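Tertiary structure, described
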Amino acid sequence: MAKVVVLGAGVAGHTAVSFLKQRLGKKHEVIVVTPNSKYNWIPSNIWVGVGIMKPEDVTFELAPVYKKKNITYKQARAVDIHPEGGADEANPYVTIEYTEEGRSGETENVAYDYLINATGPKLNFSATPGLGPEGNSHSVCTWGHAVDAAVALKVSIEKMKKGERQKFLIGTGHGMATCQGAAFEYLFNIESELRQHGVRDMADMTWISNEYELGDFGMGGMHLKRGGYITHSKVFTESLFTERGVRWITRAHVIGVDPGKVCYETLTGEDYEEEFDFAMLIPPFSGVGLKGIDKSGQEITGDMFNPAGFMFVDGNYTAKPYEEWDAADWPRNYQSKGYPNIFAAGIAFAPPHPISKPMKSPAGTPIFPTPPRTGMPSAMIGKAVAMSIADMLEGAKETTHTASMAEMGAACVASAGAGFFKGTAVSMTVFPIIPDYTRFPVYGRDMDYTTGEIGLAGHWIKYILHRLFIWKAKLKFGWSLIPE
Amino acid sequence: MNKNRKPYDDGYFPPVPTGFTIFMRTFLPWQIYRFIVINIKMLGMIRKSHH
């Protein structure tokens, strides 16, 4: 019986675990290691952050789900990977440290035949002084952060009802942050909530981000067919901001967040300040800090992970100028370099390069979004890796499934206000995620499958996806029929 | 009053939707049709993405 260990139970890890167990049944053991006791459907956190959903609507306990499916569950965080084994252990193993109540701090070496690193991101608030819930701004990156943000939002709404103007600042909290889409959704959900409460005229709303232009979303934006023209998503996004009366600051690296004020540097090298009463700023992401250790006990972290802590896989990591970037640089099977029984899925893999064009201020500060790896690609990668491992355990000589971000599309439905009859959302599809100028020479993308529109239909889709993906994650009847 | 839309400010230049466009965003028959179209597009895109 082989052991497949999956580190992380987010979108990528949980998807991989689910398909591995479905394929392998009782023939092999599937072990999941995650520091969290709950699954969190993160895309819906923005609704928790405005108080229209409760934490229990976007989370559920993992233990009963894994018990039902006979999946070994260890509530622990991974510390070190020993891909060659160790002095007293011939087989590769991973050292974990329990976070489970009653076992906190206890360590264990878990041997594996195959390992999937799906540890996701570390929310690197410390990259910007004062950033984050422990500093002076809010976050919606976890359900707990979103609950705190909703409480603060309620306080601001009460102040406005009493006649006190409030300044809202939403966006990214660092020059190399990603996940602009989540901040975008939160901005427009707040805007919608303020209208519902009749206090929109008492709020000054400002967007701040590291994008070169609005509508970049960390993927260089996209071109869309609209109104008889092919236009960049900048036009579409600026239109929405103008319509909703939201001011914007782009090309900005937030230097620090003080109480009620951010300081930021722009691509042109100037420093500015922006005051706020309520700020939600997305932090930059890094890897979770896993280390690699060889058989002799020497650290090989630098061989396995990039400086930000993301794992090298089968991509082309040769440094080259923007003009020479190629869709073929992006990983296809997510197998670790040097260790074919280790894979990385979701945010844990190292992107070969950004998607948005890298830019620097005169002082040398990088100010551009890093590549987003949203739910859909993370789930598709998790499934592809799981299927390859299952095939290899059944005799395949090499990986059998691929999930290159340059060969897959993504659908993003960004809520811009809730309500069954009055809600709206921006529905976007992009294909492929990584522009491929060989296949699509002009815009890098298939214009038939790269779309964007705003309307009530998008809100319905967003709500249905919320229900479907929670159903799927709970591994209820027919879960595997729901596409990633 | 939209303070953003002053001559030569950022908000002066983008296209803004007409009343008809805003109406259509929540007009049920049109949105039911768009719901079907968007889902077909998304399913097509998902089909092209799986290898």
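Residues numbered from 1 in each chain as written. Chains lettered and ligands numbered in written order. Predicted model: local features only at pLDDT ≥ 70, side-chain atom pairs only at ≥ 80, totals over all residues.

**Some words on the sheet that holds strand E10 (residues 166-172) of chain A**
Residue and element names in this part refer to chain A. Worth spelling out the cut-off: DSSP-based pairing: two strands are paired if at least 2 bridges between them are found. Secondary structure elements follow DSSP: runs of H or I no shorter than four residues count as helices, runs of E no shorter than two count as strands, and numbering proceeds from the N terminus. Fitting a line to C-alpha atoms yields each axis, with helices limited to the stretch in contact; the angle taken between N-to-C directions then spans 0 to 180 degrees. Contact definition: two residues whose C-beta atoms, as placed from backbone geometry, lie within 7 Å.
The parallel open sheet is built from four strands, whose spatial order is E14-E11-E10-E18. The sheet terminates laterally at strand E14 (246-249) and strand E18 (278-282), the two strands that pair on one side only. Ignoring strand direction, the axes of neighbouring strands in this sheet form an average angle of 15°. Pairing between E10 and E18: five bridges, direction parallel. Within E18, the position partnered with glycine 171 by the bridge is leucine 281. Against the sheet, helix H6 (residues 180-196) engages E10, strand E11 (203-208), E14 and E18, with an angle of about 160° to E10.

**Considering the environment of phenylalanine 420 of chain A**
The topology assignment puts phenylalanine 420 of chain A in the loop between strand E22 (410-415) and strand E23 (425-430). Measuring from C-alpha to C-alpha, the distance between phenylalanine 420 of chain A and valine 442 of chain A comes to 39 Å, with 22 residues separating the pair along the chain.

**Describing the packing of helix H1 (residues 11-24) of chain A against helix H9 (residues 375-393) of chain A**
Residue and element names in this part refer to chain A. Put simply, the rule reads: Throughout, the term roughly parallel applies to angles under 35 degrees, roughly antiparallel to angles over 145, roughly perpendicular to angles from 65 to 115, and oblique to all others. Should the near helix be turned counterclockwise from the far one by less than a right angle, the crossing is left-handed, whereas a clockwise turn marks it as right-handed. Think of it as three bins: nonpolar holds Ala, Val, Leu, Ile, Met, Phe, Trp, Tyr, Cys and Pro, charged holds Asp, Glu, Lys and Arg, and polar takes everything else, Gly as well.
Put simply, H1 and H9 touch, their axes get as near as 8 Å, and they point 30° apart. When the interaxial angle is binned, H1 and H9 end up roughly parallel. As H1 runs across H9, the sense of the crossing is right-handed. Together, Val11, Ala12, Gly13, Thr15, Ala16, Phe19, Leu20, Arg23 and Leu24 of H1 and Gly375, Ser378, Ala379, Ile381, Gly382, Lys383, Val385, Ala386, Met387, Ile389, Ala390 and Leu393 of H9 make up the contact between the two elements. For the contact of H1 with H9, a count of residues per class yields 14 nonpolar, five polar and two charged.

**Observations concerning the interface of chain B and chain A**
Contact residues are listed per partner, giving 23 residues for chain B and 32 residues for chain A. Residue contributions to the side of chain B that touches chain A peak at 11 residues, all from helix H2 (residues 28-49) of chain B.

**Details of the sheet that holds strand E16 (residues 261-266) of chain A**
Residue and element names in this part refer to chain A. Ordered in space as E15-E16-E17, the three strands form an open sheet in which the pairing is antiparallel. Taken across any chain shown, the strands that pair with only one partner, and hence form the sheet edges, are strand E15 (252-258) and strand E17 (271-275). This sheet shows a mean twist of 25° between the axes of neighbouring strands, independent of strand direction. The pairing of E16 with E17 spans five bridges and is antiparallel. Within E17, the residue paired with lysine 261 across the bridge is glutamate 275.

**So, unusual backbone geometry**
Most of the time, phi is negative for any residue but glycine, and the peptide bond is trans. Residues and elements named next belong to chain A. As a reminder of what qualifies: Once C-beta atoms are placed from the backbone, each residue is buried if 20 or more other C-beta atoms lie within 10 Å of its own, exposed if 12 or fewer, and partly exposed for counts between those two.
With an omega dihedral of -10°, the bond running from phenylalanine 431 to proline 432 counts as a cis peptide bond. Note that proline 432 resides in the loop between E23 and strand E24 (451-455). Even without being glycine, asparagine 70 reaches a positive phi, approximately 60°. Residue position: asparagine 70 is located in the loop between helix H4 (62-68) and strand E5 (72-82). Among the residues examined, asparagine 70 registers 11 C-beta atoms within 10 Å and is labelled exposed. Even without being glycine, tyrosine 334 reaches a positive phi, approximately 65°. Structurally, tyrosine 334 can be placed in the loop between helix H8 (301-304) and strand E21 (342-344). On the basis of neighbour counts, which here come to 30 C-beta atoms within 10 Å, the residue tyrosine 334 falls in the buried class.

**Concerning the pairing of strand E1 (residues 3-7) of chain A**
Residue and element names in this part refer to chain A. Note the following rule: Handedness of a crossover: with both strands directed away from the viewer, a clockwise path from the first strand across the helix to the second marks it as right-handed.
Burial analysis of E1 places four of its five residues in the buried class, the great majority of the element. When E1 meets strand E2 (residues 29-34), the two strands line up parallel, connected through five bridges. Within E2, the position partnered with valine 6 by the bridge is valine 32. Crossover connection from E1 via H1 to parallel E2: handedness right-handed. Two strands pair when backbone bridges link them, and E1 and strand E8 (residues 114-117) are joined in this way by four bridges, in the parallel orientation. By the bridge assignment, valine 4 is partnered in E8 with tyrosine 114.

**Describing the confidence of the model for chain B**
Just so we agree on the cut-off: As a per-residue quantity, pLDDT reports the predictor's confidence and falls between 0 and 100.
On average, chain B scores 87 in pLDDT, and the residues at 70 or more come to 88%. Of the two predicted TM-score estimates for the complex, the pTM is 0.94 and the ipTM is 0.89.

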